[in-house]
Structure formats: structure tokens, C-alpha cells
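The lines below spell out each chain.
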Amino acid sequence: MPTQAVVALAFSAAVICALKIVTWIVKRRGARDEVEIEAWRERVVTEYGMLPEDRQDVERACAAPELDAVRKLAVAGDWRACADHLAAAGRDWALRDRLVEELADAAAEDDGFLKTWRAERPGDPDAAAVHAYGLVKLAWRLRGAAFAEHTSQEQAEGFHRVLAEAREACAEAQRLGPEDPVPWISELWVALGLNYPQEEFDRVWSGLTARDPHSYPGHYAAVQYQCAKWHGSAQQANAFADRAASAAPEGSLLAGMRLIALHEHEPDDAEDTYWSTPYAQAAIGDARRAVDAAPAGDPRAAEIRHLLAWCYLMTDRPVDAMTQFNLVDGHVDALPWRYSEDPAGYYCHIRAAAAFAADRQLAAS
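Residues numbered from 1 in each chain as written. Predicted model: local features only at pLDDT ≥ 70, side-chain atom pairs only at ≥ 80, totals over all residues. Heavy atoms only, no water.

### A word on helix α18 (residues 318–328)
Then, in step 1: Among the residues of α18, those classed as buried are Pro 318, Ala 321, Met 322, Gln 324, Phe 325 and Val 328. What you see down the axis of α18 is that its buried residues fit within an arc of 160°, all on one side.
Then, in step 2: Where the residues of α18 are buried, they touch α16 (278–293), α17 (299–314) and α19 (343–364).
Then, in step 3: At the exit of α18 stands Gly 330, carrying a positive phi of roughly 105°. (Buried < 20%, exposed > 50% of the residue type's maximum accessible area, 1.4 Å probe, protein only. Helix = DSSP H or I, 4+ residues; strand = E, 2+ residues; numbered from the N terminus. Arc of directions from axis to C-beta. Contact = heavy atoms within 4.5 Å.)

### Structural notes on the side chain of Asp 180
Then, in step 1: When you line up the elements, Asp 180 lands in the loop between α9 (153–176) and α10 (182–193).
Then, in step 2: In this structure Asp 180 comes out as buried when scored by relative accessible area, which is 6%.
Then, in step 3: A polar side-chain atom of Asp 180 sits 3.0 Å from the main-chain amide nitrogen of Val 182.
Then, in step 4: Beyond its immediate sequence surroundings of up to four residues, Asp 180 is in contact with Trp 93, Arg 96, Ala 129 and Arg 211. (Polar contact = N/O pair within 3.5 Å; in protein donor to acceptor, adjacent residues only side chain to side chain.)

### Some words on empty space enclosed by the protein
Then, in step 1: In total, this model carries 2 cavities of 30 Å³ or more according to the counting rule given.
Then, in step 2: Volume-wise, the second largest cavity comes out at about 60 Å³.
Then, in step 3: Along the walls of the second largest cavity sit Tyr 216, Tyr 220, Ile 260, Glu 303, Ile 304, Leu 307, Ala 334, Leu 335 and Arg 338, which together make up its complete lining.
Then, in step 4: It is α17 that contributes the most residues to the lining of the second largest cavity, 3 residues altogether.
Then, in step 5: Taken together, the residues of the lining of the second largest cavity sort by class into 7 nonpolar, no polar and 2 charged. (1 Å grid on protein atoms, 1.4 Å probe; cavity = no way out; pocket = protein on both sides within 12 Å on 5 of 7 lines; lining within 4 Å. Points joined across faces, edges and corners; volume = space filled by probe spheres on them. Nonpolar A, V, L, I, M, F, W, Y, C, P; charged D, E, K, R; others polar.)

### Details of the nonpolar core
Then, in step 1: Ranked by internal contacts, the top residues of the largest apolar core, which has 114 residues, are Leu 103, Phe 113, Trp 117, Trp 189, Leu 259, Trp 275 and Phe 325.
Then, in step 2: In contact with Trp 117, not counting residues within four places along its chain, are Trp 79, Cys 82, Ala 83, Leu 86, Leu 103, Asp 124, Asp 126, Ala 127 and Val 130. (Core = buried A, V, L, I, M, F, W, Y, C linked by side-chain atoms within 4.5 Å.)

### Looking at the packing of aromatic side chains
Then, in step 1: The full count for this structure, using the stated rule, is 14 aromatic pairs.
Then, in step 2: Aromatic pair Trp 140 and Trp 230: ring centres 6.0 Å apart, planes at 85°, arrangement edge-to-face. Residue Trp 140 is located in helix α8 (residues 125–143), and its partner Trp 230 is located in the loop between α12 (216–226) and α13 (234–247); the two are separated by 90 residues in the primary sequence.
Then, in step 3: Judged by its relative accessible area of 2%, Trp 140 is buried.
Then, in step 4: Site record: aromatic cluster; members linked through ring pairs are Trp 310, Phe 325, Trp 337, Tyr 346 and Tyr 347.
Then, in step 5: If you follow Lys 137 out to its NZ or CZ, it ends over the ring of Tyr 133, 5.4 Å from the centre. (Phe/Tyr/Trp six-rings, centres within 6.5 Å; stacked < 30°, edge-to-face > 60°. Lys NZ or Arg CZ within 6 Å of the ring centre and 35° of its normal.)

### Remarks on the packing of helix α14 (residues 256–264) against α17
Then, in step 1: Where α14 meets α17, the axes come as close as 10 Å, and the angle between the chain directions of the two elements is 55°. With respect to their mutual orientation, α14 and α17 come out oblique. The two elements α14 and α17 meet at a crossing, and its hand is left-handed. Contacts between α14 and α17 pair Gly 256, Leu 259, Ile 260 and His 263 from the former with Ile 304, Leu 307, Leu 308, Trp 310 and Cys 311 from the latter.
Then, in step 2: Class assignment of the residues belonging to the contact of α14 with α17 gives a composition of 7 nonpolar, 2 polar and no charged. (Axes fitted to C-alpha atoms, helices over the stretch in contact; angles between N-to-C directions. Parallel < 35°, antiparallel > 145°, perpendicular 65-115°, else oblique. Left-handed = near helix turned anticlockwise from the far one by under 90°.)

Here's what the structure looks like:
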């Protein structure tokens, strides 16, 4: 999905992730403890019942049987059943977004079912929404996950060409489904890739928030736009996340946007100092309260729990980190693991480091 492709930047990020592991070990435990941490990769499986690396799902942040079911329907070419699922979602915008994104991801791999759907129902707003999001996903796949300097001219040209098509498809989907927020979320990713100026981004943002003012995926995309690596700065991203969290209704998971904005600007070292500031600690606390109040199985809450596990470990709270790891184990499509070229391996190493540190901490108490 675009969130993966946009933020992964896999090769360079994988190097950074490896360095963070070594830094954490050397600074907090001593280099010789790396051997013991490696032993804990197996111990968390044999002694604590957690899943090994080869059983970590790299496509999800948590179990999602409904999405698995609709993906199978798309692969099987059963567009009518896919359409029925979207129709049944009605105005449950969060569910609708997840379903459209899943179908769009399937279409980016093989759009046979979508072509038939559009041919049979040429004015169907649901098919148009899937088409627009599918083009966004295809564009990011064509680009690849490397930094711009490691992206070929052919990749860049394909990326911009398909994103231009996606922009037109978003406009069509917005026209056919005037109340639907999802095509506006899709266009936020177009805004990112085509370098919309601020005033044009604001137009898209206004279009989304007029339909769904507290959209989690919309805010996630907007935080990315505000980050220093795209069109803003750490200050802009943090300020945007603050406004989102402050305006969110009771029980909203938008409190997690502060963690996301902070993580996007995390230094390559001194993570403990970075995450120990009063602002970061308040963001961690707010996010923890939000996910603890969320319904069981909420996929957005799971995404935040993954990042909480990282934050707790970086601030020497490994027992709290292990609590989060136990709640999300088995699924690793979330920050910070998706930044790695090997998300399952990175997740399992950091999980082992947390288990090792928690064992030491509990033994000393």
C-alpha cells in the first residue's frame, strides 16, 4: 500500500535499522550481550509461545479475516461479491477505506476483476474509488522504495505518469461518490508524489475533512506530507499531529499521530533522550490510553501498539514493550518494522532485545 511504499525507503532504511539495533545494544547493555539477545530470539518462541520469524505476517498489522476474505474474492475474479462487501460497508468510512485499499492492492497486482466490474457498471462509484486507489498503489510500486537518488529515470517516469492518471481517476471517483471520503484519501498520496503546493494540498485536505474530519488513514497521509522528508519539517508535522489529537473526539486513535510524527524525525542515535522528553512521554501516554480504550482487534490500534513497543524499549521500559509485543505478535506490517528491508527479521530481533532486557529488569527488582 502507499503507506508502505512511501515510508519504507527500504534499502537505506534497512541500514539505519541495523545500526539502531547495534546502537541500542552497545549503549544500554554492552556489546557482548548481543549474543544473549540472539539466544532470546529462540527463547521467546519456546518459553513464551510467541511466533517465530517465518510465521510473522508481513502484510498485516493484526489479523483481518474480512480483508483476507475480500482479497480472495478479488483474486478469484468475483467482482460482484467484492461490490457487495463495499455496499454493505455503507457509511462506515473506516471499514470502507480498509476494503477499498485491499481491493486496490489486489488490482495493482491483477486488475482483471476491476476491469470487468467497471465494464459491467461504468458509473459505479465504488469501482471508481477502487480504480483510483489502485492506480496510486501501482504508481508507488513502479517507483520502488528507494530514496530518490537510487531511483532510475524509468522508475521516476512511470511513477509520475501513473500518478497523473491517478489524479484524474480521483477526480472521477470524487464526482461519482460525492459523499465518499476515500477518493480524497487517495488524492493525498497523489499530492505527496506529485509535489502539490500547499494550497493544492489544502484543497484536498478540506475535501476529505468535510466528509470525514477524523479519518485515521487521511491523517496518516497528511502527516507524511508535513514531514521533513517530503514537504515540511519536524515542527510542521508535530504541530499537525497536535491539532489532530486535540480536535479528535473521545476514544479516537488520532492520538497516535503524535507518535508517528515523532518517529518520522527520530535521530539515528540518542533515541532514549529523544523519546524521554516531556513532549514525547506525553505522546506515548496519550497513545497508550487510546489503544487500551479501542475495541479488540482494531487494526489502527494494532499499528500504534507496534510503535509503542519500540518507544518503550527505547526508554528502558522493556516490560511494557513486551506487553505490546504480546498483543500484536504474528503481524509486522507497521512502524517501525515496515521501514526495514526485512520487517519480520527486524521485528524479531527487537522483540528478543525487549525480552532479554525485561528478564534482566525483573530479575533485578
